[in-house]
Amino acid sequence: MTKFFQEFREFAVKGNVVDMAVGIIIGGAFTLIVQSLVADVMNPLIGLLVGGVDFSNLFVVLRQGAVGGPYATLADAQAAGAVTLNLGLFINAVVSFTIVAFVVFLLVRTINRLKREEAVAPASPTEQPCPYCLMVVPIKATRCGHCTATLSKPEAVETMVDTPSAAPPAK
C-alpha cells in the first residue's frame, strides 16, 4: 500500500501534472472573466444595437407554469414553473465560447511561433564539399574518398571552393 502512495506522489509532483493543474485553475478564472465580459459588457452593447434586447431574458415559453404569463423575465417564468427555451443564455454561451476559443487560438499560435524560432537554430556542419571534385565528405576527413585529394581544415576548404582555379591533384 505504501508503494501505491509513493507512486501516486511521484506522479502528482511531476512537472506536467503541476503545470496542468495551474492551467486548469487559471482557465477557470479566465472563464469567469470572459463570462462577465459577455454578460456585462458585450450583451448590453449588442442588445442596444439590435433594439434594446436583453439577451439574458430572451426566452420562449413552451408551456405555461402554475401562474399564467406573460412573464417579464426568465426568472419570473422559472419561478412560475414554466417550461422555457432559453435562447439568450445560449447566445451568451456561444459568445463566451467564441471569445475563449479565439484567445486560446492566439495563445497556441504564439507558442507555435516561438517553437518554430527555436527549431530554426542552425546546426554545426557535419559534412563539407571536396574542393577538387566537389563531392560531399565528412568534416573530419583528411582525404576525399572520391578523388583521394588531401583535404585541409574546413575554413580553408571554404576559401578553396570559392576559387575556381584550384586544380585537382595528380593521381
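Located above this text is the structure these notes cover.
Calculation notes
- Residues numbered from 1 in each chain as written.
- Predicted model: local features only at pLDDT ≥ 70, side-chain atom pairs only at ≥ 80, totals over all residues.
- Heavy atoms only, no water.
- Helix = DSSP H or I, 4+ residues; strand = E, 2+ residues; numbered from the N terminus.
- Buried < 20%, exposed > 50% of the residue type's maximum accessible area, 1.4 Å probe, protein only.
- Contact = heavy atoms within 4.5 Å.
- Areas by Shrake-Rupley, 256 points an atom, 1.4 Å probe, with all protein chains shown as cover.
- Patch = residues over 30% accessible without salt bridge, like charges linked within 9 Å, V, L, I, M, F, W, Y side chains within 5 Å.
- Salt bridge = Lys/Arg side-chain N within 4 Å of Asp/Glu carboxyl O.
- Core = buried A, V, L, I, M, F, W, Y, C linked by side-chain atoms within 4.5 Å.

1. Things to note about the overall build of the chain
Turning to step 1, where the next piece is worked out: Assigned secondary structure in the chain consists of 5 helices and 4 strands.
Turning to step 2, where the next piece is worked out: Each helix and strand of the chain, placed in order from N terminus to C terminus, yields the pattern α-α-β-α-β-α-β-β-α.
Turning to step 3, where the next piece is worked out: Per-residue burial over the chain gives 17% buried out of 171 residues.
Turning to step 4, where the next piece is worked out: Partitioning the contacts of the chain with sequence separation of at least 6, the portion at a separation of at least 24 is 35%.
Turning to step 5, where the next piece is worked out: By element, 68% of the accessible surface of the chain is carried by carbon and sulfur atoms, the whole surface being about 12,900 Å².

2. A word on a nonpolar patch on the surface
Turning to step 1, where the next piece is worked out: A grouping of Val60, Leu62, Val83, Leu85 and Leu87 is seen on the molecular surface, where their side chains present a nonpolar patch of about 390 Å² in accessible area.
Turning to step 2, where the next piece is worked out: For the nonpolar patch, the secondary structure elements donating two or more residues are strand 1 (60-63) and strand 2 (83-85).
Turning to step 3, where the next piece is worked out: You can call Val60 partly exposed: its relative accessible area is 36%.

3. Details of the nonpolar core
Turning to step 1, where the next piece is worked out: Of all hydrophobic cores here, the largest spans 7 residues; its members are Cys130, Val137, Ala141, Cys144, Cys147, Ala149 and Leu151.
Turning to step 2, where the next piece is worked out: In this view, Cys144 contacts Cys130, Cys133, Val137, Ala149 and Leu151; residues no more than four positions away in its chain are not counted.
Turning to step 3, where the next piece is worked out: By size, the runner-up hydrophobic cluster in this structure holds 6 residues, among which are Phe59, Leu74, Ala77 and Ala80.

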